[in-house]
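Here's the letter readout for the chains.
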Amino acid sequence: TMSLQTVAASIKQAPGRSLEVVLQRSGNTAHLEEVPLTFSGAAARFEGRRELIRDEANAVGTAYLRVDLVSAAAQPLLRQNFRDYVDARLNVYAHVTDPVATNAAVAKVGKLQAKLWRNAVAATAATPGPQATTVLLPAINAMFDMATTRMVAAQAHPPKVIYFMLGFLALL
């Protein structure tokens, strides 16, 4: 691939010509192809994130339904833990433009995960039979895994040089 300096030099050598003509004549058309690929990649990341939201919602719903498997006495506390956890997860995305608030919300989610896990382990241990343990705990673990997957996906962005290149090409 050619560098930004090469593009700039090609443009200076051929004033009055379009970027496409300059790049085609110099044999450097790779960057023209990167623009649609960047938009295609952005669309794919957007769709992937939508799928992760759906998957996390399904994981939460599945785990919440499985609370029915623990003793009736333990259910109200676990259901409240779930409500608090979901509220905290929503709060993470309510403040994405404020890194301090986002970090505080993420820390709160971590604490609520630990609390929910402790209470779920205690509730399954107090429930006769293995079904609650073998069904509820893996569902809660999957729910936590989906939250982590979404957070990692939210931090994945194209390299800054791509944004710079797009801005540079837009100016031409």
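Quick caveat, the model's predicted, so the values are computed rather than measured.

Moving on, we come to the overall build of the chain. Across its full length, the chain holds seven helices and zero strands. Taken from the N to the C terminus, the helices and strands of the chain come in the order α-α-α-α-α-α-α. Across the 172 residues that make up the chain, the buried fraction comes to 30%. Here the analysis covers contacts within the chain between residues at least 6 apart in sequence; of these, 67% occur between residues at least 24 apart. Summed over all atoms, the accessible surface of the chain reaches about 10,400 Å², with 62% contributed by carbon and sulfur.

This part covers the confidence of the model for the chain. Per-residue pLDDT for the chain averages 78, and the proportion of residues at 70 or more is 68%. Of all the helices and strands in the chain, helix H2 (residues 19–26) carries the lowest mean pLDDT, 45, while helix H5 (residues 99–125) carries the highest, 95. Residue range residues 1–5 is modelled with pLDDT below 50. Its contacts to residues more than four positions away, or to other chains, number ten contacts. Taken together, the stretch residues 14–35 has pLDDT below 50 and engages in 30 contacts with residues farther than four places along the chain or on a different chain.

To continue, consider H5. Over its 27 residues, H5 extends 39 Å from the first C-alpha to the last, a length consistent with the 39 Å expected when each residue adds 1.5 Å. All of the buried residues in H5 are Thr102, Ala105, Val109, Leu112, Gln113, Leu116, Ala120, Ala123 and Thr124. The inward-facing, buried residues of H5 abut helix H4 (75–94) and helix H6 (131–154).

The next point concerns the nonpolar core. Where a protein is soluble and globular, its nonpolar side chains tend to be buried together. If you look at the biggest cluster of nonpolar residues, it comprises 28 residues, and the most contacted ones within it are Val70, Leu78, Ile140 and Met143. Where this core is concerned, the elements lending two or more residues are helix H3 (30–66), H4, H5 and H6. At ten residues, H6 tops the list of elements feeding residues into this core.

Contact pair H5 / H6: the axes reach a minimum separation of 10 Å and the direction vectors enclose 170°. On the basis of their axis angle, the class for H5 and H6 is roughly antiparallel. Facing H5, whose interface residues are Val106, Gln113, Leu116, Trp117, Ala120, Val121 and Thr124, H6 presents Ala132, Thr133, Leu136, Leu137, Ile140, Asn141, Met143, Phe144, Ala147 and Met151. Residues belonging to the contact of H5 with H6 are distributed by class as follows: 13 nonpolar, four polar and no charged.

Between H4 and H5, whose axes approach to 9 Å, the crossing angle comes to 160°. Considering the angle they form, H4 stands roughly antiparallel to H5. Considering how the two elements wind past one another, H4 and H5 form a crossing that is left-handed. Together, Leu77, Leu78, Asn81, Phe82, Asp84, Tyr85, Ala88, Arg89, Asn91 and Val92 of H4 and Thr102, Ala105, Val106, Lys108, Val109, Leu112, Gln113, Lys115, Leu116, Asn119, Ala120 and Ala123 of H5 make up the contact between the two elements. Of the residues assigned to the contact of H4 with H5, the class counts are 13 nonpolar, five polar and four charged.

The final tally for this structure, using the stated rule, is four salt bridges. Residue Asp55 is joined to Arg54 by a salt bridge in which the shortest nitrogen-to-oxygen separation is 2.9 Å. For Asp55, a relative accessible area of 28% corresponds to the partly exposed category. Taking the shortest distance from any N to any O, the salt bridge between Glu56 and Arg150 comes out at 2.7 Å. Of this pair, Glu56 sits in helix H3 while Arg150 sits in helix H6, and the two are 94 residues apart along the sequence. Judged by its relative accessible area of 5%, Glu56 falls in the buried class. Ionic contacts of the salt-bridge type, sharing partners, join the residues Glu56, Arg89 and Arg150 into one network.

Calculation criteria
- Residues numbered from 1 in each chain as written.
- Predicted model: local features only at pLDDT ≥ 70, side-chain atom pairs only at ≥ 80, totals over all residues.
- Heavy atoms only, no water.
- Helix = DSSP H or I, 4+ residues; strand = E, 2+ residues; numbered from the N terminus.
- Buried < 20%, exposed > 50% of the residue type's maximum accessible area, 1.4 Å probe, protein only.
- Contact = heavy atoms within 4.5 Å.
- Areas by Shrake-Rupley, 256 points an atom, 1.4 Å probe, with all protein chains shown as cover.
- pLDDT = per-residue confidence, 0-100.
- Expected span 1.5 Å × (residues − 1).
- Core = buried A, V, L, I, M, F, W, Y, C linked by side-chain atoms within 4.5 Å.
- Axes fitted to C-alpha atoms, helices over the stretch in contact; angles between N-to-C directions.
- Parallel < 35°, antiparallel > 145°, perpendicular 65-115°, else oblique.
- Nonpolar A, V, L, I, M, F, W, Y, C, P; charged D, E, K, R; others polar.
- Left-handed = near helix turned anticlockwise from the far one by under 90°.
- Salt bridge = Lys/Arg side-chain N within 4 Å of Asp/Glu carboxyl O.

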